[in-house]
Amino acid sequence: MIRGKYVTLRGLELIDAPEIVRRYNDLEVRRFLLSVVPISLEEERDRIKRSWELRRKGEYYMFGIELNKPKRLIGTCGLERVSHIHRRAEVSIAIFNKTYWDQGLGTEATQLLLHFGFNLLNLHSIWLAVFEDNRRAQHIYGKVGFQRVGTRRQAIFRDGRYIDMYLYDILAEEYRHQLERGTA
Ligand SMILES: CC(C)(COP(=O)(O)OP(=O)(O)OC[C@H]1O[C@@H](n2cnc3c(N)ncnc32)[C@H](O)[C@@H]1OP(=O)(O)O)[C@@H](O)C(=O)NCCC(=O)NCCS
């Protein structure tokens, strides 16, 4: 477990699947994720089981985001496409319970992922992709030290039109520099 002040990143259990399915099938949550197609309970159970296999191989570390008080699963996040040759990984995150948006919890969960990636997995670079209109997510990525490094133009078809996908990354040395300055 990776414990922060307000949230803890923990392994997912099959028993978490119903809450995840119920919340992720809310289109307001899914509209900023890659698939808008609703998921079933069985699919979510499979996804959790597959994430355990990938974790054993060191390719994907998926966590539940649990509120510390009261203990409650409010989202999931992870480092995926982990390459131990290039020492890089991609961030994914969603606070699927909207009641908890805009309370600083996504920021803390992202900081915990960076700590996990840089300090525990010894990664060199962590990156992510975010939709052009997902201003809330872009705000937190900038706040924790990611830089916008590129654009995949018209990469996503949503709501009847193509939108851009922005690429962000942060290097280990930048992360460490921020820690020294006390801003991470
Ligand atoms: C994106 C997400 C993880 C952020 O988590 P969160 O807990 O709501 O984020 P936080 O409360 O830590 O921070 C939100 C920040 O965005 C700001 N914000 C909110 N709406 C905003 C907007 N429209 N434009 C700019 N900033 C905005 C808030 O003021 C806050 O900043 P502050 O703390 O400096 O005041 C969460 O909203 C979510 O899961 N959304 C749906 C799925 C998703 O978008 N995942 C990311 C895919 S790349």
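Presented here is a report on the structure given in the accompanying data block. Here the structure is a predicted model, which means the values were calculated and not measured.

Parameters and conventions
Residues numbered from 1 in each chain as written. Predicted model: local features only at pLDDT ≥ 70, side-chain atom pairs only at ≥ 80, totals over all residues. Heavy atoms only, no water. Axes fitted to C-alpha atoms, helices over the stretch in contact; angles between N-to-C directions. Helix = DSSP H or I, 4+ residues; strand = E, 2+ residues; numbered from the N terminus. Parallel < 35°, antiparallel > 145°, perpendicular 65-115°, else oblique. Left-handed = near helix turned anticlockwise from the far one by under 90°. Contact = heavy atoms within 4.5 Å. Nonpolar A, V, L, I, M, F, W, Y, C, P; charged D, E, K, R; others polar. Phe/Tyr/Trp six-rings, centres within 6.5 Å; stacked < 30°, edge-to-face > 60°. Buried < 20%, exposed > 50% of the residue type's maximum accessible area, 1.4 Å probe, protein only. Lys NZ or Arg CZ within 6 Å of the ring centre and 35° of its normal. Pairing = 2+ DSSP bridges.

With that settled, consider the packing of helix α4 (residues 105-120) against helix α5 (residues 135-143). In the contact formed by α4 and α5, the axes pass within 10 Å of each other and the chain directions differ by 45°. It follows from the interaxial angle that α4 and α5 lie oblique. Read as a crossing pair, α4 and α5 show a hand that is right-handed. Residues Gly-106, Thr-107 and Thr-110 of α4 touch α5, and the partners they reach there are Ile-140, Tyr-141 and Lys-143. For the contact of α4 with α5, the class distribution of residues is two nonpolar, three polar and one charged.

Now for the packing of aromatic side chains. Inspection of every chain in the model, using the stated rule, returns seven aromatic pairs. Judged by centre distance (5.3 Å) and plane angle (70°), the ring pair of Tyr-61 and Phe-116 falls under edge-to-face. With Tyr-61 in strand β3 (residues 61-67) and Phe-116 in helix α4, the pair connects residues that are 55 residues apart, well separated along the chain. Residue classification places Tyr-61 among the buried residues on the basis of a relative accessible area of 13%. An angle of 70° between the planes, with centres 5.8 Å apart, marks the rings of Tyr-141 and Phe-146 as edge-to-face. Taking relative accessible area as the criterion, Tyr-141 reaches 7% and is therefore assigned buried. In this structure, Arg-148 packs its charged tip against the face of Tyr-166, placed 3.5 Å from the ring centre.

Another aspect to go through is the pairing of strand β8 (residues 161-171). In this structure, strand β6 (residues 125-131) lies alongside β8, joined through seven bridges in antiparallel fashion. Note that in β8 the partner of Ala-129 across the bridge is Leu-167. Across eight bridges, strand β7 (residues 147-158) lies against β8 in antiparallel orientation. If you follow Arg-148 over to β8, its bridge partner there is Tyr-168. Hairpin connection of β7 to β8: two residues between the antiparallel strands, including Asp-159 at a positive phi of 55°.

Read these as spatial facts, not as claims about activity.
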